[in-house]
Amino acid sequence: MALLDVSGYKYRPRPNSASQFGFKQTHFLDRSIHYSFGTKCQEFAVPVGVDPSTFLKSCSCEDGVSIDLNHGTTTLAFKFRHGVIVAVDSRASAGKYIASQDVDKVIEINPYLLGTMSGSAADCQYWERLLAKECRLYKLRNKERISVSAASKLLCNMMLGYRGMGLSMGSMICGWDKQGPGLYYVDDNGTRLSGRMFSTGCGNSFAYGIVDSGYREDMTVEEAYELGRRGIAHATHRDAYSGGVVNLYHMQEDGWIKVCKEDVSELIHRYKKGMF
Amino acid sequence: MALQNVCGLQHPPLFPEWSAPLSQSFMPEESTPLFGGGVQHGGAFSARLPGRGALSPLEFYMPISEYLTQSPINFGQISLSSAPKNLLNNNIDIIHPSMPCISLPPPTPCSISPSVPLPFTLSHGTTTLGFAFQGGVIAAADTRSSCAGQVACPNAPKVLPIHSHLVGTTSGTSADCALWKRILSRELRLYQLRHHRRLSTGGAAKLLSHMLHPFKGTELCVAATLCGWDGGGEKDENHAITQVTESDSSSQSAAVCKSKSQQVVTARSGMCGPRVVYVCSDGLRLQGELFSVGSGSPYAYSILDSGVHWGMSAQEAACVAREAVYRATHRDAYSGNNVDLYHVTAEGWRRRERENLKDEYYREKEKERKRVAERKNEKKGV
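Here the structure is a predicted model, which is why all the values come from computation and not from measurement.

Rules used throughout
- Residues numbered from 1 in each chain as written.
- Chains lettered and ligands numbered in written order.
- Predicted model: local features only at pLDDT ≥ 70, side-chain atom pairs only at ≥ 80, totals over all residues.
- Heavy atoms only, no water.
- Core = buried A, V, L, I, M, F, W, Y, C linked by side-chain atoms within 4.5 Å.
- Buried < 20%, exposed > 50% of the residue type's maximum accessible area, 1.4 Å probe, protein only.
- Helix = DSSP H or I, 4+ residues; strand = E, 2+ residues; numbered from the N terminus.
- UniProt positions renumbered as here; feature names shortened; annotations may be inferred.
- Contact = heavy atoms within 4.5 Å.
- Polar contact = N/O pair within 3.5 Å; in protein donor to acceptor, adjacent residues only side chain to side chain.
- Buried area = accessible area lost by both parts, 1.4 Å probe.
- Salt bridge = Lys/Arg side-chain N within 4 Å of Asp/Glu carboxyl O.
- Pairing = 2+ DSSP bridges.
- Axes fitted to C-alpha atoms, helices over the stretch in contact; angles between N-to-C directions.

**A word on the nonpolar core**
Stage number 1. In this structure, Phe78(A), Leu129(B), Phe131(B), Val167(B) and Leu304(B) are the most contacted members of the largest nonpolar core, which totals 69 residues.
Stage number 2. Take this core: its biggest share by element is 9 residues, from helix α8 (residues 314-331) of chain B.
Stage number 3. Counting 24 residues, the second largest nonpolar core, distinct from the first, contains Ile109(A), Tyr112(A), Met117(A) and Tyr184(A).

**Observations regarding the UniProt feature "active site" (unreviewed entry) in chain A**
All names here are of chain A.
Stage number 1. In the numbering used here, UniProt assigns the feature "active site" (unreviewed entry) to Thr-73.
Stage number 2. Mapped onto the fold, Thr-73 is located in the loop between α2 (52-60) and β1 (75-80).
Stage number 3. You can call Thr-73 buried: its relative accessible area is 2%.
Stage number 4. Setting aside chain neighbours within four positions, we find Thr-73 in contact with Asp-89, Lys-105, Met-117, Ser-118, Thr-200, Gly-201, Cys-202, Gly-203, Asp-239, Tyr-241 and Ser-242.
Stage number 5. Reaching out from Thr-73, the side chain makes a polar contact with the side chain of Asp-89 at a distance of 2.7 Å.

**Points about the interface of chain A and chain B**
Stage number 1. Each partner contributes to the interface: chain A provides 20 residues, whereas chain B provides 21 residues.
Stage number 2. Of the roughly 1,800 Å² buried at the junction of chain A and chain B (both faces included), carbon and sulfur atoms supply 52%.
Stage number 3. For the pair chain A and chain B, the number of links is 3 salt bridges.
Stage number 4. Its salt-bridge partner being Asp305(B), residue Arg238(A) comes within 3.0 Å of it at the nearest N-O pair.
Stage number 5. At the junction of chain A with chain B, the criterion picks out 7 residue pairs in polar contact (both at pLDDT 80 or more).
Stage number 6. Taken together, the elements giving at least two residues each to the side of chain A that touches chain B come down to α5 (204-214) and α6 (221-238) of chain A.

**Observations concerning the sheet that holds strand β7 (residues 159-163) of chain B**
Residue and element names in this part refer to chain B.
Stage number 1. Read across the open sheet, the 5 strands follow the order β7-β8-β9-β10-β11; overall the sheet is antiparallel. Looking at strand neighbours, the two that pair on one side only are β7 and β11 (285-288), the edges of this open sheet. The sheet shows a mean angle of 25 degrees between the axes of neighbouring strands, direction not considered.
Stage number 2. The strands touched by helix α4 (residues 174-195) within the sheet are β7, β8 (166-169) and β9 (223-230), with β7 carrying the most contacts at an inclination of about 15 degrees.
Stage number 3. Against the sheet, helix α5 (residues 201-212) makes contact with β8, β9, β10 (273-280) and β11, and its axis sits at roughly 10 degrees relative to β10, the strand it touches most.

**Things to note about the sheet that holds strand β5 (residues 106-110) of chain A**
Residue and element names in this part refer to chain A.
Stage number 1. If you walk across this open sheet you meet the 5 strands as β5-β6-β7-β8-β9, and the pairing is antiparallel. Two strands lie at the open edges of the sheet, namely β5 and β9 (192-194), each paired on one side alone. Each neighbouring strand pair of the sheet contributes to a mean axis angle of 20 degrees, computed without reference to strand direction.
Stage number 2. Against the sheet, helix α3 (residues 121-142) touches β5, β6 (113-116) and β7 (170-177), its axis set at about 15 degrees to β5.
Stage number 3. On the sheet, helix α4 (residues 148-161) packs against β6, β7, β8 (180-187) and β9 and is oriented at approximately 155 degrees with respect to β7.

**Some details on the environment of Ala140(B)**
Residues and elements named next belong to chain B.
Stage number 1. Relative to the assigned elements, Ala-140 resides in strand β4 (residues 136-142).
Stage number 2. A relative accessible area of 0% means that Ala-140 is categorised as buried.
Stage number 3. Discounting residues that sit within four places of it in the chain, Ala-140 has contacts with Thr-127, Thr-128, Leu-129, Val-159, Thr-169, Ala-321, Val-325, Asp-340 and Leu-341.

Here is the structure:
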């Protein structure tokens, strides 16, 4: 499909994806089962006759079935002099059941862009992989890396296309481009904010306390690692929906490196020596 | 009221300022004819401790139903003429037709009066915290009182001293907290007068929790952290609540237990020392080492978790508490303005000067700026 795009092959998008089955030209057509940036109409394959917004309203109101999407996680990222630090926990919860303690909540879009995930795991993984595809296409077309600002804008526009349809995603796009280290927060509502420090998920308030208090613009790299670890460790200590291990990444000028993967219980025991 | 109780009057007459006690042994004929016509506004309520003779289990005053219909503040209340009456009331009606109708305590106050619709949604925004360490207990809180998205009062005191060795932080509805704190103070003072010693923090918490229990399920919202020092020795009645300004805050509990007592009462072993108990109007009562309550509590918790340990000094403890409240006010919209800090030791509570956090914010910014400039100069110099 990428080759088709690059070679400029034109195809006519059909309004109803279901009608494409059985046509002669199907093998040339980009099956609209995923978002294609640049087309005028939305091509996500929604089942015919179903309106997502009304369906979801019925799920969330009191007299209907109540599907409560919990953003059970803690992720944090902050910019400092030597780049961007990204730290996430690794617990996936389904209601009160811990589905996994070892989930990867950072998606490595490319060697110089990272995206974090919070909210619905499925939504995050899907849309960020789509973002990875778009970033790759951009690089092929324009022969230079996409900027962090543009990448976050792509993701934001994807979210806006499905606004009100029940997507749940809170993500931070981190990278290093020509303007230096970049950090953007993108939301399923279409919020896109550039900032120095963000934390998402239900454990975010705990992380904010630690990082606000320990942040210095001219921290050394080791201090920054420690701050990121502490933020996640304390958040997992108090928040029931966060836990597992801390995955720590450092975005440098020439790409990101994965710093460590440490169990939070060990970290907490180290930090709270006096209490135990 | 205190004087009567101490004197041991069995059946206190009805006073217009307080509601009638709802004891089983209420004797209408002993009531003084202090009522003029109509209903008094004795709608306040308070509780009595057991121990007043063989009389009573814990008795609770309930709001007199008439008060609610006659109150000048009518939040769209419906008429309560259908409130349940009982045989006692019939007696009263015969003897004193002007007396207010009093219902015997049902299991919950809900059956006396239907819940009153509030004029606006209450918001409970605050940051309060309390923790114990070797040098006593620290209780700290912000001072912003918010109401429906606006700051009603930027200087509200949220840490209220209850008696010389006990302070309570308050969170929830300010009115409820202030009232119940006063009721608790009164009851603890009575206890002290009767038994010649202070009630322990755990005991005070239990008392508060039981007093709040009948209101479970109503709109009452009180979440208090009682922070106190349980001493062993007896404190005489002249020991006023003074601000001890210069006392050494890291004194050992053992030494103080034996000091300043006129009549030594054998203290229960192992009960001396700092104590923090959380009491909530849902009925929850938890003892612990560290609590933070309010909308800003998550921000404070992480700082407290990383900074508090048993062996810390009083100076460090005050710093951590201040920092925790400061960070919480920085991120939480419903907390802010100033920080109040109380330190409770064996000698009593001591209050630190109220600090404005806006100044703290600018001071920190200034420090940061200076440090970055310094580093730049260093680099230039090298």
